[in-house]
Amino acid sequence: MKQTKRVVIGIDGGGTATRVLLMDADGNELTRCEGGPALTDWPGSPVDIEAIEIAVERAFEEAHLAPPSAALCAGLAGVGREAERKVVESELVDRGIAERVQVITDAEAAFFDAFENDPGILLIAGTGSIAFGRAEDGRIARAGGWGTLFGDEGSGYEIGLQALRSAAQAADGRGGQTQLLP
């Protein structure tokens, strides 16, 4: 399959799924698809480049196009440090998915989608959780987003874990009765 038009890719990748949007140079949506989680959130585990690559390949197939795209921007959980971003960017370039690659955090991508360049505060409570904000003077601050072991309070993972703990403690007689046990 030969590439006949310039396309760009947007990726939203986290602990639940990888979502891919393929657009032409005029901003028209060509296809969107979903793949497996792009984040293996355990100490020392990197972003799952394979999950991203599979989802992008599926998007190209659905659009009847072939890589590489002109540009790719991936908003990913687990890339809060510059070193992590550079590794993921390098991997994506090496795999021939796109000519230019930029990796940002999922919180940065969501924040820009909601506020563009304006000030604001964004709270994400999905598989993980984070608060991300920008003040009127441009200062940026964040809280949370440390992963399942260190601090994703309010996340789906944390809520599910607390529910399972409560049910287990009730079953053992170490905790109060709960409707979660049945």
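Residues numbered from 1 in each chain as written. Predicted model: local features only at pLDDT ≥ 70, side-chain atom pairs only at ≥ 80, totals over all residues. Heavy atoms only, no water.

(A) Structural view of the side chain of T18. When you line up the elements, T18 lands in strand β2 (residues 18-24). Among the residues examined, T18 registers a relative accessible area of 0% and is labelled buried. (Helix = DSSP H or I, 4+ residues; strand = E, 2+ residues; numbered from the N terminus. Buried < 20%, exposed > 50% of the residue type's maximum accessible area, 1.4 Å probe, protein only.)

(B) The arrangement of the sheet that holds strand β3 (residues 29-35) in detail. Across the sheet, which stays open at both edges, the 5 strands sit in the order β3-β2-β1-β4-β5 with mixed pairing between neighbours. At either end of the open sheet lies a strand with only one pairing partner, and these are β3 and β5 (98-105). With direction set aside, neighbouring strand axes in the sheet form an average angle of 15 degrees. As defined by bridge partners, strand β4 (residues 69-76) adjoins β5 across 7 bridges and the pair is classed as parallel. Pairing of A74 across the sheet is with V103, part of β5. The sheet contacts of helix α1 (residues 49-62) involve β1 (7-13), β2, β3 and β4, and relative to β3 the element is tilted by about 145 degrees. In this fold helix α2 (residues 82-94) packs onto β4 and β5, with an angle of close to 155 degrees to the strand it touches most, β5. (Pairing = 2+ DSSP bridges. Axes fitted to C-alpha atoms, helices over the stretch in contact; angles between N-to-C directions. Contact = heavy atoms within 4.5 Å.)

(C) View of the pattern of salt bridges. Scanning all chains against the criterion turns up 13 salt bridges. Across the pair D12 and R19 runs a salt bridge whose closest N-O atoms are separated by 3.6 Å. The partly exposed category is assigned to R19, whose relative accessible area is 38%. Salt bridges sharing common partners tie together E50, E53, E91 and R95. (Salt bridge = Lys/Arg side-chain N within 4 Å of Asp/Glu carboxyl O.)

(D) Layout of the packing of aromatic side chains. One pass over the structure, following the stated rule, counts 2 aromatic pairs. Look at F111 and F132: their rings are 5.4 Å apart centre to centre, the planes differ by 65 degrees, and that puts the pair in the edge-to-face class. Pair noted here: F111 is in helix α3 (residues 106-115) and F132 is in strand β7 (residues 129-134), with a separation of 21 residues, a long-range link. When its relative accessible area of 10% is taken as the criterion, F132 is described as buried. (Phe/Tyr/Trp six-rings, centres within 6.5 Å; stacked < 30°, edge-to-face > 60°.)

(E) Looking closely at the confidence of the model for the protein. Averaged over all residues, the pLDDT of the protein is 87; the fraction at 70 or higher stands at 92%. Here helix α4 (residues 156-172) is the element of the protein with the lowest mean pLDDT, 88, and β2 is the one with the highest, 95. (pLDDT = per-residue confidence, 0-100.)

(F) Geometry of α2. With 13 residues, α2 should reach 18 Å at 1.5 Å per residue; the first-to-last C-alpha distance of 18 Å fits that figure. When α2 is considered as a whole, its buried residues turn out to be R85, V88, E89 and L92. End-on, the buried residues of α2 take up no more than an arc of 100 degrees, which puts them together on one face. α2 presents A83, V87 and D94 as exposed residues on the side facing more than 90 degrees away from its buried surface. Those residues of α2 that are buried are in contact with α1, β4, β5 and α3. (Expected span 1.5 Å × (residues − 1). Arc of directions from axis to C-beta.)

(G) Structural detail: the nonpolar core. Grouped together as the largest cluster of nonpolar side chains are 26 residues, with contacts concentrated most on I9, I11, L72, L76 and L92. At the level of elements, β1, β2, α1, β4, α2 and β5 are the ones that each hand at least two residues to this core. Considering each element in turn, this core owes the most residues, 6 residues, to α1. Here L72 is in contact with I9, I11, L92, I97, A98, R100, V101 and Q102, once residues within four sequence places are set aside. Core analysis: the second largest hydrophobic core is formed by 5 residues, A107, F111, L122 and F132 among them. (Core = buried A, V, L, I, M, F, W, Y, C linked by side-chain atoms within 4.5 Å.)

(H) Fine view of the side chain of T105. Residue placement: T105 occurs in strand β5. Accessibility expressed as a relative area gives 10% for T105, which makes it buried. Non-local contacts of T105, meaning those with residues more than four positions away in its chain, are made with G75, L76, V79, G80 and R85.

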